[in-house]
Amino acid sequence: MMMKAVVLVSGGVDSSTVLAYVQQQGYEIYAISFSYGQKQVFEIQKIQQFVKNYKVKEHKIINIDLKNFGGSALTDDDIEVPNYQKASDVGDEIPLTYVPARNTIFLSYALAFAEVRGIRDIFLGVHATDYSNYPDCRPEYIKSFETMANLATAEGVKGNKINIHAPLINMTKTEIVAMGLKMGVDYSTTISCYNPNSEGDSCGKCLACLVRIKAFEENGVQDQISYVKD
């Protein structure tokens with residue numbers, strides 16, 4: 001019987017790399033993505049375009065309005081996406097682009113999806129490097145969620161262990177891009193930018209853009225997406 005996996009897909013470099021990795025491992029893929037009230041409107045379009053490159057059995061796009069809560073530059077119209085000269089300028093602070101409890105909410109939906117489909121493996125593309133400082137991208141968070149998942153589900157209580165996989169957790173963005181390139185990932189159909197213009201061109205100045213640009217440069221490869229021209 002073919003192994004099955006739920007994969008969280010956001011349209012960026014990390015989740016795209018994980019999607020390719022999971023397919024390479026021979027899983028039947030059930031993808032889940034979220035329209036969560038983010039100001040960046042191109043993400044879902046990119047996701048729908050990208051998943052067509054892979055053998056995805058089922059793809060769910062879940063609508064959640066985190067804009068109701070705000071508190072993040074990605075969802076709150078009163079908070080601007082910050083620009084930086086270089087990614088390290090973020091320092092040790094949690095960035096304004098952190099969305100409160102987002103990964104917990106997303107993983108909870110993925111957990112329900114997996115349990116209903118009889119799936120025990122959930123993959124997501126979080127990693128704890130590159131100045132992200134996001135509390136819900138740490139290894140200890142992933143481990144804790146997995147523990148909770150097995151305590152809080154019928155399948156877990158029955159002894160059918162649910163596994164939360166974060167294969168990129170200890171990798172830098174440069175290493176992730178290198179991994180994806182080896183697998184033939186088409187990064188031209190992805191978007192990382194927190195603040196693209198109305199044409200969908202990446203700003204080149206937000207944290208996500210700066211980390212992405214550096215990763216492609218360090219791999220000696222031209223990033224195929226469009227950036228705003230100064």
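Everything below is about the structure shown above.
Residues numbered from 1 in each chain as written. Predicted model: local features only at pLDDT ≥ 70, side-chain atom pairs only at ≥ 80, totals over all residues. Heavy atoms only, no water.

To continue, consider the pattern of salt bridges. A complete count under the given rule lists eight salt bridges for this structure. The partner of Glu 58 in a salt bridge is Arg 117, and the shortest N-O contact between them spans 2.8 Å. With a gap of 59 residues between them, Glu 58 in strand β3 (residues 56-63) and Arg 117 in helix α3 (residues 102-117) connect regions that are remote in the sequence. The exposure class of Arg 117 is partly exposed, given its relative accessible area of 28%. Notably, a salt bridge pairs Lys 158 with Glu 155, separated by 3.8 Å at the nearest N-O pair. When its relative accessible area of 61% is taken as the criterion, Lys 158 is described as exposed. On the basis of relative accessible area, Glu 155 is assigned to the partly exposed category, the value being 22%. In the salt-bridge network here, residues are joined through shared partners; they are Glu 58, Lys 60 and Arg 117. (Salt bridge = Lys/Arg side-chain N within 4 Å of Asp/Glu carboxyl O. Helix = DSSP H or I, 4+ residues; strand = E, 2+ residues; numbered from the N terminus. Buried < 20%, exposed > 50% of the residue type's maximum accessible area, 1.4 Å probe, protein only.)

The next point concerns the layout of surface pockets. Looking at the largest pocket, its volume works out to about 150 Å³. Around the largest pocket sit Met 1, Met 2, Met 3, Lys 4, Tyr 27, Gly 118, Ile 119, Arg 120 and Asp 121, which together line it. Here the lining of the largest pocket is composed, by residue class, of five nonpolar, one polar and three charged. (1 Å grid on protein atoms, 1.4 Å probe; cavity = no way out; pocket = protein on both sides within 12 Å on 5 of 7 lines; lining within 4 Å. Points joined across faces, edges and corners; volume = space filled by probe spheres on them. Nonpolar A, V, L, I, M, F, W, Y, C, P; charged D, E, K, R; others polar.)

All chains considered together, the criterion is met by ten aromatic pairs. Through successive ring pairs, a cluster of aromatic residues spans Phe 34, Tyr 36, Phe 106 and Tyr 109. (Phe/Tyr/Trp six-rings, centres within 6.5 Å; stacked < 30°, edge-to-face > 60°.)

All right, on to the environment of Lys 229 then. Counting through the fold element by element, Lys 229 comes out in the segment after α7 (207-218). As a C-alpha pair, Lys 229 and Cys 203 span 26 residues in sequence and 8.5 Å in three-dimensional space.

What follows concerns helix α2 (residues 43-50). Residues of α2 that are buried: Glu 43, Ile 44, Ile 47 and Phe 50. Mapping the buried residues of α2 onto a view down its axis gives an arc of 130 degrees, with all of them on the same face. In this structure, the buried side of α2 is in contact with α1 (13-24), β2 (28-35) and β3. (Arc of directions from axis to C-beta. Contact = heavy atoms within 4.5 Å.)

Let's shift gears to the nonpolar core. The biggest cluster of nonpolar side chains holds 46 residues, and the ones touching the most others in it are Val 6, Leu 8 and Ile 122. Sorting the residues of this core by element identifies β1 (4-8), β2, α3, α4 (139-152) and α7 as the ones contributing at least two each. With six residues, α3 is the largest single contributor of residues to this core. When near neighbours in sequence (up to four residues on either side) are disregarded, Val 6 contacts Tyr 30, Ile 32, Ala 110, Phe 113, Ala 114, Ile 119, Asp 121, Ile 122 and Phe 123. Counting residues in each nonpolar core, the second largest holds 26 residues, with Val 7, Tyr 27, Leu 168 and Val 185 among its members. (Core = buried A, V, L, I, M, F, W, Y, C linked by side-chain atoms within 4.5 Å.)

On to the pairing of β1. Residues in a regular strand project their side chains so that they alternate between the two faces of the sheet. For β1, the buried fraction is high: four of the five residues fall into the buried class. Sheet analysis places β1 next to β2, joined by five bridges and oriented parallel. The residue bridging Lys 4 from the neighbouring strand is Glu 28, located in β2. The parallel pair β1 and β2 is bridged by α1, and the resulting crossover is right-handed. Pairing of β1 with strand β4 (residues 121-123) involves three bridges; the strand directions are parallel. Bridging across to β4, Val 6 finds its partner in Ile 122. (Pairing = 2+ DSSP bridges. Right-handed = clockwise from strand over helix to strand, strands pointing away.)

With that out of the way, let us pick up the side chain of Arg 212. Within the secondary structure layout, Arg 212 lies in helix α7. In this structure the side chain of Arg 212 is engaged in a polar contact, spanning 3.2 Å, whose partner is the backbone oxygen of Tyr 187. For Arg 212, the residues in contact, after removing those within four places along its chain, are Val 13, Tyr 187, Thr 190, Ile 191, Ser 192, Asp 223, Ile 225 and Tyr 227. (Polar contact = N/O pair within 3.5 Å; in protein donor to acceptor, adjacent residues only side chain to side chain.)

It is worth spelling out empty space enclosed by the protein at this point. Counting across every chain of the model gives two cavities of 30 Å³ or more. In this structure, the largest cavity occupies an estimated 820 Å³ of space. Taken together, 37 residues make up the lining of the largest cavity; nearest its centre are Ser 10, Asp 14, Arg 102, Lys 173 and Tyr 194. Sorting the residues of the lining of the largest cavity by element identifies α1, β2, α2, α3 and α7 as the ones contributing at least two each. When grouped by side-chain class, the residues that make up the lining of the largest cavity number 19 nonpolar, 13 polar and five charged.

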